[in-house]
Amino acid sequence: MTFTQWFHRLGSPRWFYQASGKWLPWLAAATLILLVAGLVWGLGFAPADAKQGNSFRIIYIHVPAAFLALAGYYVMAVAGAIGLIWKMKLAEMAMRPAATLGAALTFISLFTGALWGKPTWGTYWVWDARITSMLVLFFLYLGVIALHYAYTSRDAATRAGAVLALVGTVNIPIIYKSVDWWYTLHQPATIKLTEAPTMHPAMFQPLVVMILGFYCFYALALILGLRAEILHRERRTRWVRELIGEDAV
Amino acid sequence: MFQFDSFQALVAMGGHGFYVWISYGVSLAVMAWLVISPLKRKRQVLGNLKRQQRRTVADGRRTGEASY
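Residues numbered from 1 in each chain as written. Chains lettered and ligands numbered in written order. Predicted model: local features only at pLDDT ≥ 70, side-chain atom pairs only at ≥ 80, totals over all residues. Heavy atoms only, no water.

### Quick word on unusual backbone geometry
Working step 1: Non-glycine residue Lys87 of chain A carries a positive phi angle of around 55°.
Working step 2: You can call Lys87 of chain A exposed: its relative accessible area is 52%.
Working step 3: One non-glycine residue, Met13 of chain B, lies in positive phi territory at about 50°.
Working step 4: Mapped onto the elements of the fold, Met13 of chain B is located in the loop between helix 1 (7-12) and helix 2 (17-66). (Buried < 20%, exposed > 50% of the residue type's maximum accessible area, 1.4 Å probe, protein only. Helix = DSSP H or I, 4+ residues; strand = E, 2+ residues; numbered from the N terminus.)

### Observations concerning the pattern of salt bridges
Working step 1: One pass over the structure, following the stated rule, counts four salt bridges over all chains.
Working step 2: As a salt-bridge pair, Glu234 of chain A and Lys89 of chain A come within 3.2 Å of each other at their nearest N and O atoms. Here the residue Glu234 of chain A occupies a position in the loop between helix 8 (201-233) and helix 9 (238-248), and Lys89 of chain A occupies one in helix 4 (residues 89-121), the gap between them amounting to 145 residues.
Working step 3: The partner of Glu229 of chain A in a salt bridge is Arg41 of chain B, with the nearest N and O atoms 2.9 Å apart. Of the two residues, Glu229 of chain A is situated in helix 8 and Arg41 of chain B in helix 2; the pairing between them involves two chains.
Working step 4: The exposure class assigned to Arg41 of chain B is partly exposed, which follows from its relative accessible area of 22%.
Working step 5: One continuous salt-bridge network, built from bridges that share partners, spans Arg96, Glu229 and Arg233 of chain A together with Arg41 of chain B. (Salt bridge = Lys/Arg side-chain N within 4 Å of Asp/Glu carboxyl O.)

Here is the structure:
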């Protein structure tokens, strides 16, 4: 199979719908196992932080959610770019579920961050560089969702959403670098790809499990959202009709 | 090793129980919604199509009888 053939097949909503149906049980099982293991480990077995006490356990939700909120922005922006350049249907369809998922994960990281901030810094909210740039990310996601409803023409809505998503990528490096450029309240990164983590292994290991669990969760939720979107947009096609025929009989 | 002596200690989290449990509870609720809502939407789309199909079949039968 040549690359072009592979690319076209991957871009076919019908092919994706059928193939992803087979991946779902495995993905769901992996997500469930990793998240349950990480939660029990992080909540009950990881040692409490010497300075912060047990409030530190919020890290096991806060950091993975923030990771995926950022990674998910790339997914949305790349899907938007592919949709703009090659008019790939599947990429266009992925944008809205990716935006919903990203907005929800950004909300989780902001919300848990606020609850962690209260016992640690004495305040729920502060206009710190990291927190503010995450809030901008939240509004970017909401903007992409809003654009989908703002246009009557689906093509125009998809194009506008993709352009906004691409322009918004400027914010991503700012979020990453914010803790180094403006050292205010939020602590710098504990985990770096290039260096060893500055965390005790007993605290770090459950975090790795949770991050993996969140990656699986992201893939699972994105595929579910994409499948619903595919059925909705392809509802007049023959293959969806046949799918119902099988179901109904 | 388990860090808490009793269930009460686990709930209290050394005074941080409120912050920890609200964080986990709200996050898990949002995540559950992210999985449930696309499943519901899928069922809705399929349900609408099925109803539509049944109606078309029924209409076909009726017009068929009328022509006799």
